[in-house]
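Now for the letters of each chain:
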Amino acid sequence: MLNRTQGFPSVGKQSFFQWGARQTGKSTLLKANFKDSLYIDLLQSNVYKRYLDFPEQLREMLLLTEPKDPIIIDEVQKLPILLDEVHWLIENKGFQFILSGSSPRKLLRSGANLLGGRALRYELYPLSFSEIPNFDLIRALNHGLMPRHYLSNNYIQLIDAYLGSYLEDEIVTETKIRNIGIFSRFLEKAAFSNGEIVNYTNIATDCGVSANTVKEYFQILKETLIGDFIQPFQKKPKRRIVSSPKFYLFDVVIANHLLKRRNILHGSPEFGTALEHLIYHELRTYSQYSGKKFPIYFWRTTSQFEVDFVLGDHEVAIEVKSTDNVQMRHLKGLKAFQEEYNVGKKIVVSLDTMPRLLEQDIQSLPWQMFLNKLWEGKII
């Protein structure tokens, strides 16, 4: 069993939500950390039906049994009405709940009881470099980082099934999208935009819908935890910068699969894009799991100077290059950014085999060394 980095050391008696996309390992993580907890699984049809018809039975059962350990309710988004009972039990009886689910969208959009700030929020991501012994970069870029997919040799069939179930169960059912064909076409176009600046108008034209519909679809991906935006860094810029966001799907293999990309190897056209996506995933995961929660931006000028990732308040600037020999021409974006902002650390992450100190204190770090330093807390 893989040891997950996310833990709950400071929760105490506080209730919390545990969100995460399907098959990221939420149930396994919670069962491992809370072995004695009562576990209520709303994916079981008989359990779901009972609490749908009689939500008060949750209160009646707990008032009699008075469990001392946290009560876990899995897939809680399927039954928002149950949160009223949870709220009452927290407020009046001091029970602790762990409310797990694969998408908070239904709760957010339905005006469901989100416990009025009485519950913390955690989010579980696919596996990270720190959680995988003998991390295999090529395997990660091709299999993705969801536990079953990374470990399996039949990952293509698993991803086929995963995308099908997500379209049917998670997105179409919960968001009530009427035209599944258009949404499927949008997903492919969104995959083309993965790691790129989003152009709503172009995607809308390709899909035959309005730009507002495309924006709504992207918001659905964000709210169902299938992807997220990163915003441009634009603190008092001297140069004109691009102001539209970038978008990343939550796992690199989702983009690969939607675009029918297979066998990504060093030197292939897709390798650099996939490597950048993986580094973003590690930065995002470390930001949340470490509790530092630093923001992640990108920077691009209209004259095409670019920095892939800017962390915090320009504390760290990072360029990701798929070369095994970083040269001066790879530093243009970092140098331009340094002219605008006093940057704490400037780093090129690459396939180079040795670390080097380049012009203007720019560090060139092999990707393994960079990720080790990141998870040791030495980058930010």
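One structure accompanies this document, and this report is about it. The structure presented is a predicted model; accordingly, all values stated were derived computationally and were not measured.

1. Thoughts on the overall build of the protein
Each helix and strand in the protein was counted, giving 15 helices and 14 strands. Per-residue burial for the protein yields a buried fraction of 54% across its 380 residues. Summarising the internal contacts of the protein: among those between residues at least 6 apart in sequence, 69% fall at separations of at least 24. Here the protein has roughly 17,300 Å² of accessible surface; of this, 47% comes from carbon and sulfur atoms.

2. Points about the pattern of salt bridges
Pairs can form between side chains of opposite charge once their charged atoms are near each other. Here the structure, examined in full by the defined rule, presents 16 salt bridges. With a shortest N-O distance of 3.1 Å, E123 and R121 are connected by a salt bridge. Relative accessible area serves as the criterion here: at 45%, R121 is assigned to the partly exposed category. K335 is the salt-bridge partner of E359, the closest N and O atoms lying 2.4 Å from each other. Placement of the pair is E359 in the loop between β13 (356-357) and β14 (362-366) and K335 in helix α14 (residues 332-340), with a sequence separation of 24 residues. Under the relative-accessibility criterion, E359 is labelled partly exposed at 38%. A single network of salt bridges, built from pairs that share partners, joins R121, E123, K222, D228 and R284.

3. Focus: the sheet that holds strand β3 (residues 71-74)
In space, the five strands of this open sheet follow the order β2-β3-β4-β1-β5, with parallel pairing throughout. In this open sheet, the two edge strands, each paired with only one partner strand, are β2 (39-41) and β5 (119-124). Strand-to-strand, the axes of this sheet are offset by a mean angle of 15 degrees, without reference to chain direction. Sheet topology places β2 next to β3; three bridges connect them, and they run parallel. Following the sheet pairing, I40 is matched in β3 by I73. The sheet strands contacting helix α4 (residues 82-93) are β1 (15-20), β3 and β4 (97-101), and the helix crosses β4 at an angle near 155 degrees.

4. Things to note about the sheet that holds strand β8 (residues 246-249)
Taken in spatial order, the nine strands line up as β6-β8-β7-β9-β10-β11-β12-β14-β13 in an open sheet, and their pairing is mixed. Two strands close off the open sheet at either side, each with one partner strand: β6 (196-197) and β13. Pairing between β13 and β14: two bridges, direction antiparallel. Bridging from a neighbouring strand, R356 pairs with S364 of β14. Against the sheet, helix α11 (residues 211-223) makes contact with β7 (227-232) and β8, and its axis sits at roughly 110 degrees relative to β7, the strand it touches most.

5. Here's the deal with the side chain of R105
With respect to the helices and strands, the residue R105 is situated in helix α5 (residues 105-110). Residue R105 is classed as buried on the basis of its relative accessible area, which comes to 10%. Among the polar contacts made by the side chain of R105, one reaches the side chain of E223 at a distance of 3.0 Å.

6. Some thoughts on helix α13 (residues 271-289)
The α-helix winds at 3.6 residues per turn, so residues separated by three or four positions along the chain end up facing the same way. Here α13 spans 27 Å end to end across 19 residues, near enough to the 27 Å set by a 1.5 Å rise per residue. For α13, the tally of buried residues reaches 16 of 19 residues, placing the bulk of the element in the interior. Immediately downstream of α13, the backbone of G291 shows phi near 80 degrees, a positive value.

7. Some thoughts on the packing of helix α10 (residues 200-207) against α11
Where α10 meets α11, the closest approach of the two axes is 8 Å, and the angle between their N-to-C directions is 105 degrees. The orientation of α10 with respect to α11, classified from their angle, is roughly perpendicular. Along its contact with α10, which presents Y200, I203 and A204, the element α11 presents A211, V214, K215 and F218. Class assignment of the residues belonging to the contact of α10 with α11 gives a composition of six nonpolar, no polar and one charged.

8. Quick word on the pairing of β3
Of the two faces of β3, the one holding I71 and I73 and the one holding I72 and D74 are both buried throughout. For β3 and β4, the ladder comprises four bridges, and the chain directions are parallel. If you follow I73 over to β4, its bridge partner there is L99. Once the chain exits β3 it traverses α4 before rejoining the sheet at β4, and the crossover so formed is right-handed.

9. Comments concerning the nonpolar core
F309, I318 and F370 are the most contacted members of the largest nonpolar core, which totals 53 residues. Counting residues in hydrophobic clusters, the runner-up holds 35 residues, among them Y162, I182, F183 and Y217.

10. Re the environment of I81
Mapped onto the fold, I81 is located in the loop between β3 and α4. Sequence separation of I81 and Y125 is 44 residues, and the distance between their C-alpha atoms is 27 Å.

11. Re the packing of aromatic side chains
Counted under the stated rule, the structure contains 30 aromatic pairs. Pairing Y200 with F218 gives two aromatic rings, centres 5.8 Å apart and planes at 80 degrees, and the pair type is edge-to-face. A residue pair is termed long-range when its members are at least 10 positions apart, and Y200 in helix α10 and F218 in helix α11 qualify at 18 residues. Owing to a relative accessible area of 0%, F218 belongs among the buried residues under this scheme. Within the aromatic cluster, the residues linked to one another by ring pairs are F183, F186, Y200, Y217, F218, F229 and F247. Taking NZ or CZ as reference, K215 lies 5.3 Å from the ring centre of Y200, over its face.

The rules we used
- Residues numbered from 1 in each chain as written.
- Predicted model: local features only at pLDDT ≥ 70, side-chain atom pairs only at ≥ 80, totals over all residues.
- Heavy atoms only, no water.
- Helix = DSSP H or I, 4+ residues; strand = E, 2+ residues; numbered from the N terminus.
- Buried < 20%, exposed > 50% of the residue type's maximum accessible area, 1.4 Å probe, protein only.
- Contact = heavy atoms within 4.5 Å.
- Areas by Shrake-Rupley, 256 points an atom, 1.4 Å probe, with all protein chains shown as cover.
- Salt bridge = Lys/Arg side-chain N within 4 Å of Asp/Glu carboxyl O.
- Pairing = 2+ DSSP bridges.
- Axes fitted to C-alpha atoms, helices over the stretch in contact; angles between N-to-C directions.
- Polar contact = N/O pair within 3.5 Å; in protein donor to acceptor, adjacent residues only side chain to side chain.
- Expected span 1.5 Å × (residues − 1).
- Parallel < 35°, antiparallel > 145°, perpendicular 65-115°, else oblique.
- Nonpolar A, V, L, I, M, F, W, Y, C, P; charged D, E, K, R; others polar.
- Right-handed = clockwise from strand over helix to strand, strands pointing away.
- Core = buried A, V, L, I, M, F, W, Y, C linked by side-chain atoms within 4.5 Å.
- Phe/Tyr/Trp six-rings, centres within 6.5 Å; stacked < 30°, edge-to-face > 60°.
- Lys NZ or Arg CZ within 6 Å of the ring centre and 35° of its normal.

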